[in-house]
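Single-letter residue listing:
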Amino acid sequence: MLKVDHINVYYGKIHAIKDVSFEVNDGEIVALIGANGAGKSTILKTVSGLLRARTGSISFHDETISHTEAHKLLAKGLAHVPEGRRIFLQMTVLENLEMGAYIRKDNFKSDIADIFRRFPRLEERKNQIAGTLSGGEQQMLAIGRALMSKPKLLMLDEPSMGLAPILVDQIFGIIKELHTAGTTILLVEQNAEKALAIADRAYVLESGRIALSGTGEELAASDKIKKAYLGG
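Participant: I'm lost on the overall build of the chain in this one. Help?
Facilitator: For the chain, the count of helices and strands is 10 helices and 10 strands. Taking the principal axes of its C-alpha atoms as reference, the chain extends roughly 45 × 40 × 30 Å. The buried share among the 232 residues of the chain stands at 49%. The long-range share in the chain, meaning contacts at least 24 apart out of those at least 6 apart in sequence, stands at 65%.

See the structure below:
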């Protein structure tokens, strides 16, 4: 579904992403893990058109998208839930969900009902200003808003960041449910233990390079990963 081939990304003179290649197959959960500052979020921003790679290529369903604008990628079925959620704080929950469907020409009312079935808390607060929601509720809204575009690939950037442990479990439960329902997921996450537990495959980033790759199970069992990320 997604193929990233030898991309190099710079912030001015800083070489942030160094010759990175990976792929996501239809129906997978693929995780990118690594320390803060390793380049995980930069990769997602580059895939979703918010940043440009200086060299290398990115393809989505065998179509090169390296220079495609972000809103056009959304229309092709690629949705990005950014780090920090980035919901519209002054809008209501319902208005945020409607904004998630702005590219659609069909009737999306049934999809809002589906989001409310998946996230009952959002239905309870549908007329509440989004900025007054708790952190966990805002993360649910950010995911729900992305789902309103009916994505083929859902990219999640640090969905557990800043959440209490019980809410982290809830968010990862939601991710597993979305995957079971047929959504392909590219997950960026600092919580390596949680990410590897649900990932089909994973890549480990260190200083802008891919240092290791394998199945989620293989990496979770790796002594190097245990020492560096799992406290083992």
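Participant: In this structure, what is going on with the side chain of asparagine 8? I would like to understand it.
Facilitator: With respect to the helices and strands, the residue asparagine 8 is situated in strand β1 (residues 2-11). Its relative accessible area of 12% is what places asparagine 8 among the buried residues. A distance of 2.8 Å separates a polar atom in the side chain of asparagine 8 from a polar atom in the side chain of histidine 15. Contact partners of asparagine 8, with chain neighbours within four places excluded, come to His15, Ile17, Lys18, Asp19, Ala53, Arg54 and Thr55.

Participant: Mind showing me how you'd approach the sheet that holds strand β8 (residues 184-188) here?
Facilitator: Two orientations exist for strands paired in a sheet by backbone hydrogen bonds: parallel and antiparallel. If you walk across this open sheet you meet the 6 strands as β6-β7-β8-β3-β9-β10, and the pairing is mixed. Each of the sheet's edge strands pairs with one partner strand only, and the pair in question is β6 (78-81) and β10 (209-215). The sheet shows a mean angle of 15° between the axes of neighbouring strands, taken without regard to direction. Here 4 bridges tie strand β3 (residues 29-34) to β8, and the two strands are oriented parallel to one another. Opposite leucine 32, over in β8, you have valine 188 as the bridge partner. Strands β3, β6, β7 (153-157), β8 and β9 (201-206) of the sheet are contacted by helix α1 (residues 40-47), whose axis makes an angle of about 145° with β7. Relative to β8, helix α7 (residues 165-180) is tilted by about 150°, and along the sheet it contacts β3, β7 and β8.

Participant: Hey, could you run me through the pattern of salt bridges in this one?
Facilitator: A side chain of one charge can pair with a side chain of the opposite charge when the charged atoms of the two come close. This structure, assessed with the given rule, holds 10 salt bridges. With a shortest N-O distance of 2.9 Å, glutamate 63 and lysine 76 are connected by a salt bridge. Taken as a pair, glutamate 63 in strand β5 (residues 63-64) and lysine 76 in helix α2 (residues 70-76) lie far apart in primary sequence, 13 residues in all. The class of lysine 76 is partly exposed, set by a relative accessible area of 28%. Within this structure, Arg121, Glu124, Arg125 and Glu137 form a network of salt bridges that share partners.

Criteria and thresholds
- Residues numbered from 1 in each chain as written.
- Predicted model: local features only at pLDDT ≥ 70, side-chain atom pairs only at ≥ 80, totals over all residues.
- Heavy atoms only, no water.
- Helix = DSSP H or I, 4+ residues; strand = E, 2+ residues; numbered from the N terminus.
- Buried < 20%, exposed > 50% of the residue type's maximum accessible area, 1.4 Å probe, protein only.
- Contact = heavy atoms within 4.5 Å.
- Polar contact = N/O pair within 3.5 Å; in protein donor to acceptor, adjacent residues only side chain to side chain.
- Pairing = 2+ DSSP bridges.
- Axes fitted to C-alpha atoms, helices over the stretch in contact; angles between N-to-C directions.
- Salt bridge = Lys/Arg side-chain N within 4 Å of Asp/Glu carboxyl O.

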